[in-house]
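Below, each chain spelled out in residue letters.
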Amino acid sequence: MLLECIECKAQYPDTEIIYTCQRCGGLLDVIYDYSKIDLRVQKLKQPPSVWKYASLLPIKMEPVTLKEGGTPLYKCDRLAKKIGIHELYVKNEGLNPTGSFKDRGMTVGVSKAIELGMKTVACASTGNTSASLAIYAAKAGISAVVLLPEGKVAMGKVAQALMHGAKVITIRGNFDDAFRLVRELCEQREFYLLNSINPFRLEGQKTIGFEIIDQLGWKSPDRVVLPVGNAGNISAIYKGFSEFKRFDIIDEIPRMTGIQSEGACPIFNAFSKGARKIVPEKHPETIASAIRIGDPVNAPKALLAIYDSGGLAEKVSDDEIIDAQKSLARLEGIGVEPASAASIAGLTKLREKGVIQPDERVVCITTGHLLKDPEEVIGVCGKPMVVEADIEAIRAVISNEDSVEYLGAVLQSVR
Ligand SMILES: *Cc1c(COP(=O)(O)O)cnc(C)c1O
Ligand SMILES: [Zn+2]
């Protein structure tokens, strides 16, 4: 196993603590000797999980695990009908240990930290990365330091990082500032950096791709749609699909379709121009705090994934995100945080534009759980009403209650 620069192809041993190419500054990728890997055993009965695919993961020791992955892939017929697509699935990553897909990356990343003998792990985070880092550091018995942008992190995520014992520092700046600072800190203090610039972390996240194929009976969907923030996940999942193609498990790589918020869409803008480089945005803003990122570090990998798979990028408004979040919750019983709903909002928009055809088999990835951001829910749904403890008072409000009407309208649209 080696680390290789995606730009100049310089190679480094996997024992070296580096995050980018020392020659050109390019992103690194983990390269395996595929001729030595036998994947056939994976096809056996074992249920999906991150460590089911250990032969394609960069860890030799017993991993630090809390049983991540193996999330459900739901067939969503009612939502499909509303959107106008025949076959729609949702891969619900909110059902990981901390409630986001970051756990897949962190079980591998923290295991790597232990292999490398590191005593402290660190990250900048819009929230979920910090929650995830905190639980694996706790499980491994090492320290975690996390830098959060002030006032921009959903309550549930901060609660997790605090309770699991991470050192939580809020900075007066945005995510991109926090990331720049944590990189500096890691260089000075021998902390191990576990943002998605870390190529080992992304190896864990590629198992989302493996599981989708596994759960569809070893067949690939036509398209995978997901939210894009720092752009690590779309790159990782594309790598997972590429590896399964290399092993002839699938013939085609699904079209990787990345969705961003209008207020934070540098990847979308680059894609629209056919560019391979992004122009960073100074003041990213969106209700979807997990993708409120103006300078995504993995942009080169993500654009490669989009172009090479024949995919695309789209942007959606906060209102479209909230509508999608409600539809998913009310038609399918799947509760997600706003960033996750961007995938559904993006699919809806692309279907309306006629870019995506009704006969495509589509998998949307919902990245984080509804309970991560309860304040957003109260903000868009309103507080529950309060009435006297009296049956007449209750009857009076039920007859003209908003959510009943809303549900009626939604149901009408799918009948
Ligand atoms: C981290 C995160 C994203 C963005 O993933 P990237 O790899 O940064 O593109 C999207 N949704 C949720 C809920 C996240 O936690
Ligand atoms: Zn290089």
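Reading the values: the criteria
- Residues numbered from 1 in each chain as written.
- Chains lettered and ligands numbered in written order.
- Predicted model: local features only at pLDDT ≥ 70, side-chain atom pairs only at ≥ 80, totals over all residues.
- Heavy atoms only, no water.
- Domains from an automatic or database assignment.
- Core = buried A, V, L, I, M, F, W, Y, C linked by side-chain atoms within 4.5 Å.
- Buried < 20%, exposed > 50% of the residue type's maximum accessible area, 1.4 Å probe, protein only.
- Contact = heavy atoms within 4.5 Å.
- Near = heavy atom within 4 Å.
- Polar contact = N/O pair within 3.5 Å; in protein donor to acceptor, adjacent residues only side chain to side chain.
- Areas by Shrake-Rupley, 256 points an atom, 1.4 Å probe, with all protein chains shown as cover.
- Pairing = 2+ DSSP bridges.
- Helix = DSSP H or I, 4+ residues; strand = E, 2+ residues; numbered from the N terminus.
- Axes fitted to C-alpha atoms, helices over the stretch in contact; angles between N-to-C directions.

Student: Describe in detail the domain arrangement of the protein chain, supporting the description with residues and values.
Tutor: A common way to express how large an interface is: the accessible area buried when the components associate. The assigned domain composition of the protein chain is domain 1 (73-100 + 201-374) and domain 2 (382-413). Placing the centre of domain 1 and that of domain 2 at their C-alpha centroids yields a distance of 34 Å.

Student: Go over the nonpolar core with me, naming the residues and quoting the values.
Tutor: The tendency in soluble globular proteins is for nonpolar side chains to be buried side by side. Formed by 88 residues in total, the largest nonpolar core has its most connected members in Val121, Leu133, Tyr192, Phe241, Phe244 and Ile267. Other than its neighbours up to four places away in sequence, phenylalanine 244 contacts Leu39, Tyr53, Leu56, Phe210, Ile213, Trp218, Ile249 and Ile250.

Student: For the site of ligand 1, give the residues involved together with the corresponding values.
Tutor: Around ligand 1, a shell composed of 16 residues is seen, among which Lys102, Asn128, Asn230, Asn233 and Thr367 lie nearest. Glycine 229 places a polar main-chain atom, nitrogen or oxygen, 2.8 Å from an oxygen atom of ligand 1. In isolation ligand 1 offers 380 Å² of accessible surface; the protein chains occlude 98% of this area.

Student: Pulling in residues and values, what's your account of the sheet that holds strand β10 (residues 223-227)?
Tutor: Taken together, the 6 strands give an open sheet; going across it, the order is β4-β5-β13-β10-β11-β12, and neighbouring strands pair in mixed fashion. Of all the strands in the sheet, just β4 (73-75) and β12 (312-316) have a single pairing partner and so form its edges. Between one strand axis and the next, the sheet turns by 25 degrees as a mean value, whatever way the strands run. As paired strands, β4 and strand β5 (residues 87-92) are joined by 3 bridges and run antiparallel to one another. Counterpart to leucine 73 in the pairing with β5 is lysine 91. Lying over the sheet, helix α7 (residues 207-215) contacts β4, β5, β10 and β13 (361-366), oriented at roughly 135 degrees with respect to β5.

Student: So what's going on with the pairing of β5? Residues and values would help.
Tutor: Where burial is concerned, most of β5 is hidden: 5 out of the 6 residues are buried. Pairing of β5 with β13, which is carried by 6 bridges, proceeds in the parallel orientation. If you follow tyrosine 89 over to β13, its bridge partner there is valine 363.

Student: With reference to specific residues and values, describe the environment of glycine 217.
Tutor: Within the secondary structure, glycine 217 is located in the loop between α7 and β10. Along the primary structure glycine 217 and threonine 20 are separated by 197 residues, whereas in three dimensions their C-alpha atoms are 37 Å apart.

Student: Quick rundown of the sheet that holds strand β7 (residues 143-149)? Include the residues and the values.
Tutor: Pairing within the open sheet is parallel, and its 4 strands lie in the order β8-β7-β6-β9. The outermost strands of the open sheet, each flanked by one partner alone, are β8 (167-171) and β9 (192-193). For β7 and β8, the ladder comprises 5 bridges, and the chain directions are parallel. Along β8, the bridge assignment pairs leucine 147 with isoleucine 169.

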